[in-house]
Amino acid sequence: MNDLQLRTLTPEDLPAFWKLACAAFHSKNPGLEDESAFLENCVKKDKAEKENPTALGNCLTRTGLFCEGKLLSTLTANAFEIHFDGTVCEMCGIGGVMSDPSARKTGGVTQLMHHELHAAKDRGQIFSHLSPFRSSFYRKFGYVHCAFAERWTIPAQFLPEEPFAVQWYENKPEEQQAVKALYQTFAARYGLSVRRSDLRWAGIFKKLQPYSGSNFSYLHYGEDGPDGFLSYHTKTFDNAPMTILVDHLYFTSPAALRKMLAFLGSQRAYAAEVQLTLPEDADITFWLKEICTAYDKCNIRLV
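Read on for a plain summary of the structure. Model, not experiment: these values are computed from the prediction. (Residues numbered from 1 in each chain as written. Predicted model: local features only at pLDDT ≥ 70, side-chain atom pairs only at ≥ 80, totals over all residues. Heavy atoms only, no water.)

### Some thoughts on the nonpolar core
Counting residues in each nonpolar core, the largest one holds 38 residues, and the members touching the most others are Val 246, Phe 251, Leu 264, Leu 276, Leu 278 and Ile 284. Every residue in contact with Leu 276, bar those within four places of it in the chain, is listed here: Glu 150, Arg 151, Trp 152, Ile 154, Val 246, Leu 261 and Leu 264. (Core = buried A, V, L, I, M, F, W, Y, C linked by side-chain atoms within 4.5 Å. Buried < 20%, exposed > 50% of the residue type's maximum accessible area, 1.4 Å probe, protein only. Contact = heavy atoms within 4.5 Å.)

### Some points on the layout of surface pockets
Roughly 1400 Å³ of internal volume is contained in the largest pocket. Lining the largest pocket are 41 residues, with Ala 149, Tyr 183, Ser 193, Val 194 and Arg 196 positioned closest to its centre. It is strand 11 (residues 242-251) that provides the largest number of residues to the lining of the largest pocket, a total of five residues. Each residue belonging to the lining of the largest pocket can be placed in one class, and the counts come to 21 nonpolar, twelve polar and eight charged. (1 Å grid on protein atoms, 1.4 Å probe; cavity = no way out; pocket = protein on both sides within 12 Å on 5 of 7 lines; lining within 4 Å. Points joined across faces, edges and corners; volume = space filled by probe spheres on them. Helix = DSSP H or I, 4+ residues; strand = E, 2+ residues; numbered from the N terminus. Nonpolar A, V, L, I, M, F, W, Y, C, P; charged D, E, K, R; others polar.)

### Comments concerning helix 6 (residues 198-206)
Residues Trp 201, Ile 204 and Phe 205 constitute the buried set of helix 6. Taken down its axis, helix 6 places every buried residue within 95° of arc, on the same side. Residues of helix 6 that are buried sit in contact with helix 5 (173-188) and strand 11. (Arc of directions from axis to C-beta.)

### Remarks on the pairing of strand 12 (residues 271-279)
Across seven bridges, strand 6 (residues 144-155) lies against strand 12 in antiparallel orientation. The partner of Glu 150 across the bridge, within strand 12, is Leu 278. (Pairing = 2+ DSSP bridges.)

### Notes on the pairing of strand 2 (residues 61-67)
In terms of burial, strand 2 is a largely internal element, six of the seven residues being buried. Relative to strand 2, strand 1 (residues 4-8) is paired through five bridges, and the arrangement is antiparallel. Within the sheet, the bridge partner assigned to Leu 4 lies in strand 2 and is Cys 67. Bridging between strand 2 and strand 3 (residues 70-84) involves seven bridges; their strand directions are antiparallel. Within strand 3, the position partnered with Leu 65 by the bridge is Ser 73. Between strand 2 and strand 3, which pair antiparallel and follow one another directly, the connecting turn spans two residues, one of which, Glu 68, has a positive phi of 50°.

Everything listed is a geometric property; what it means functionally is a separate question.
Next up, the structure:
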């Protein structure tokens, strides 16, 4: 291809970016029906973020490869902090990797990846994370498996039965601080886990409104205060009994995890099963039986 240009996307490029996302990821974006209004909104948002840098969150950057003004391939880089060997390190998160169907297998993504990894190194980001659609594709860029999580589907009657001490979570400031402290303790135990920004926490707490949101949230208390946090929503599949879908589960000890599982089991009167995700080393099979699990994977490389 001639006249290739690699550059950072501007607000004016975002309609093309989101159109490409619809084609690449088979997603929908009704706002694109009125492209001029969509572009106007993108420009306003960009101006607001420049005037209020905290709105930028984790310093998101989109880079694209263009040919004669047409966006062919793009990726998104996001700045994070992760836990590693008892310290906190800078990390470049890669996502939104996509190409126009007509430009696939032409090397566009390879150019973008090489560019972004060099840029990450210049920024002092030691690691780069991504969640791959296929691990073999990113192995050529140096990424390897770094962490696994297990997704559990547990019949409610197989959850442990024992006393627990949960309290309804009302999203009060002191409760928010307790949740953040629990997550920090929980995440620090696992190398390469992400340290959440204040903006990320604000988005989480916005969804945890106790009386208007869709989640049901609880703090579990041990002898020395909160030792676990649980938040879930419910869903019915094909007229089957209700399923509990756990969105947040943090714990400071195996005992706290077991007691929160017991609390979930106490909901068996209306819920047939519980779906949740746990770190790979949080093996609860000796508490349960007849369990189905699946795996999530994450890849990492040194920059």
